[in-house]
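Coordinate inspection notes
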Amino acid sequence: QVQLVESGGGLVQPGGSLRLSCVAPRAIFSVFSPLTIRWYRQAPGKQRELVAHISRDRTTNYTDSVKGRFTISRDNSRKTVYLQMNSLKAEDTGVYYCNVFPNPSGSWGQGTQVTVSS
């Protein structure tokens, strides 16, 4: 099983920013660079949804609701993928997860909680 470790969540006011980090376990350090990594989120009472995607060649894609506000990036030397979230809204609240794509094992990490509230 491959479980990435998410961090960086917290409580922020509407309009604020957070940067989430997703760190690969040592077991996949040697294969991290070619991996496609995705960020997902799950709001209370809702299904998990895809937020952003970054491929091995750094091609990125975003769900429409975060375009222009969120930026996904990767630092292969640190085995880390980031999600910079700006202009946060209440509807961005949820648990954020990162994962490899595809994810044949079906395993997920603990996620990191993001709460946007005044």
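Here's a quick rundown of the structure. (Residues numbered from 1 in each chain as written. Predicted model: local features only at pLDDT ≥ 70, side-chain atom pairs only at ≥ 80, totals over all residues. Heavy atoms only, no water.)

1. Thoughts on the side chain of Lys79
Relative to the helices and strands, Lys79 is located in the loop between β7 (70–75) and β8 (80–85). No salt bridge is formed by the buried Lys79; its nearest oppositely charged neighbour, Asp75, is found at 8.1 Å. Once residues lying within four places of it in the same chain are set aside, the contact partners of Lys79 are Cys22, Val23, Ala24, Phe29 and Phe32. (Helix = DSSP H or I, 4+ residues; strand = E, 2+ residues; numbered from the N terminus. Buried < 20%, exposed > 50% of the residue type's maximum accessible area, 1.4 Å probe, protein only. Lys, Arg positive; Asp, Glu negative; His and termini not counted. Salt bridge = Lys/Arg side-chain N within 4 Å of Asp/Glu carboxyl O. Contact = heavy atoms within 4.5 Å.)

2. Description of the pattern of salt bridges
Under the counting rule described, the total for this entry stands at five salt bridges. The residue Asp92 makes a salt bridge to Arg69 at a minimum N-O spacing of 2.7 Å. Here Asp92 is found in the loop between β8 and β9 (94–101), whereas its partner Arg69 is found in the loop between β6 (60–62) and β7, with 23 residues between them in sequence. Given a relative accessible area of 10%, Arg69 falls into the buried group. Among the charged side chains, a network of salt bridges with common partners joins Arg41, Glu49, Arg69 and Asp92.

3. Some words on the pairing of β8
Summarising burial for β8: five of the six residues are buried, a large majority. Pairing between strand β3 (residues 18–23) and β8: six bridges, direction antiparallel. Within the sheet, the bridge partner assigned to Cys22 lies in β8 and is Val81. Where β7 lies against β8, six bridges are found, and the strand directions are antiparallel. When the bridges of β8 are listed, Phe70 appears paired with Met85. Taking the residues between adjacent antiparallel strands as the criterion, β7 and β8 are bridged by four residues, where Lys79 takes a positive phi near 55 degrees. (Pairing = 2+ DSSP bridges.)

4. What to know about the state of the cysteines
As enumerated under the stated definition, the model contains one disulfide in all. Shown here is the disulfide that connects Cys22 with Cys98, its sulfur atoms set 2.1 Å apart. Residues Cys22 and Cys98 are joined by a disulfide whose S-S torsion is about 85 degrees; by sign, that bridge is right-handed. With Cys22 in strand β3 and Cys98 in strand β9, the pair connects residues that are 76 residues apart, well separated along the chain. Assigned by exposure class, Cys22 and Cys98 land together as buried. (Disulfide = S-S within 2.5 Å.)

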